[in-house]
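Topology and contacts: notes
Listed below, chain by chain, are the residues.
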Amino acid sequence: IGYIQSTTTTTTLMSDILTIYRQRFPAVEMRLREVIIQDQLQAIQAQQIQVGFVICPPTIPDELDSVVIEHIPLVAAFAQSHSFASRASVSIHSLSNEPFIFCQRQASHFFYDRIIQLCGFSPRITQEVPDIHMQLGLVAANLGIAIVPASAADIRNSGIVYRPLADFDGDGAIETVLVWRRKGISPLVKEFLAVAREVLGQRTHTEASVEDM
């Protein structure tokens, strides 16, 4: 099972899927491999991994199948002492002169490029770090700001506030996609996909119920 940890978008969902699958198939050995996005699709095609949790993917090759499992809005992360931290929301264009902290492009050039595209300007990137934990640590130290998935708030990191981006429409989000080979998958993989769809259906039902309250 391939995944990427740098944006944390799949942490809870993936954990739920793995937990249920383990309960139902305790004799199956599952191996998780952290694989950068660029390599995940190739690894699935080569059958080096059977399924992958791919974030902000490029075009999916024809021989692979996929399902979108999450839409995660993007937010701005500031140190608590930052002047924008007191605002309820911020405009992306108001950040054009701010120092940005990015995760390194080689970790996910699709995500990296997506952020730049959504900015609509060339962000002044002053730091590039290996992962989101370091990224948020530097934000907390007020060394810069960051655009991150809203799920980053699940990472316990004091000294940071997250604000919605007022001028982002529906495009201001990233997708997590579950990908697998279209043909020749094993029964164990089919069961994994069934569990994934079940968890996704339960989550969708829960969210709909909350909205109706």
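Up top you'll find the structure we're talking about.
First, a word on what this report is: a plain description of the structure on this page.

What counts, and where the lines are drawn
- Residues numbered from 1 in each chain as written.
- Predicted model: local features only at pLDDT ≥ 70, side-chain atom pairs only at ≥ 80, totals over all residues.
- Heavy atoms only, no water.
- 1 Å grid on protein atoms, 1.4 Å probe; cavity = no way out; pocket = protein on both sides within 12 Å on 5 of 7 lines; lining within 4 Å.
- Points joined across faces, edges and corners; volume = space filled by probe spheres on them.
- Helix = DSSP H or I, 4+ residues; strand = E, 2+ residues; numbered from the N terminus.
- Nonpolar A, V, L, I, M, F, W, Y, C, P; charged D, E, K, R; others polar.
- Phe/Tyr/Trp six-rings, centres within 6.5 Å; stacked < 30°, edge-to-face > 60°.
- Buried < 20%, exposed > 50% of the residue type's maximum accessible area, 1.4 Å probe, protein only.
- Core = buried A, V, L, I, M, F, W, Y, C linked by side-chain atoms within 4.5 Å.
- Contact = heavy atoms within 4.5 Å.

Structural notes on the layout of surface pockets
The computed volume of the largest pocket comes to approximately 300 Å³. Taken together, 15 residues form the lining of the largest pocket, with I1, E29, M30, R31 and Q50 sitting closest to its centre. Considering every element that reaches the lining of the largest pocket, the biggest residue donor is helix α5 (residues 187-212), with 3 residues. The residue inventory of the lining of the largest pocket, partitioned by class, reads 9 nonpolar, 3 polar and 3 charged.

Overview of the packing of aromatic side chains
Under the criterion given, the structure shown has 6 aromatic pairs. When the ring of F78 is compared with that of F84, the centres are 5.8 Å apart and the planes differ by 80 degrees; the resulting orientation is edge-to-face. The residues F78 and F84 share a single accessibility class, namely buried. Taking 6.1 Å as the distance between ring centres and 65 degrees as the angle between the ring planes, the aromatic pair formed by F100 and F102 counts as edge-to-face. Residue classification places F102 among the buried residues on the basis of a relative accessible area of 5%.

A closer look at the nonpolar core
In this structure, L74, F78, I92, L95, I147 and L165 are the most contacted members of the largest nonpolar core, which totals 35 residues. Sorting the residues of this core by element identifies α2 (37-45), β3 (51-55), β4 (64-79), β5 (99-103), α3 (109-119) and β9 (173-181) as the ones contributing at least two each. Leaving out residues up to four positions away in the same chain, F78 has contacts with F84, V90, L95, V139, I145, G159, I160, V161 and R163.

Brief notes about the environment of S151
Within the secondary structure, S151 is located in the loop between β7 (146-149) and β8 (160-164). The buried category is assigned to S151, whose relative accessible area is 12%.

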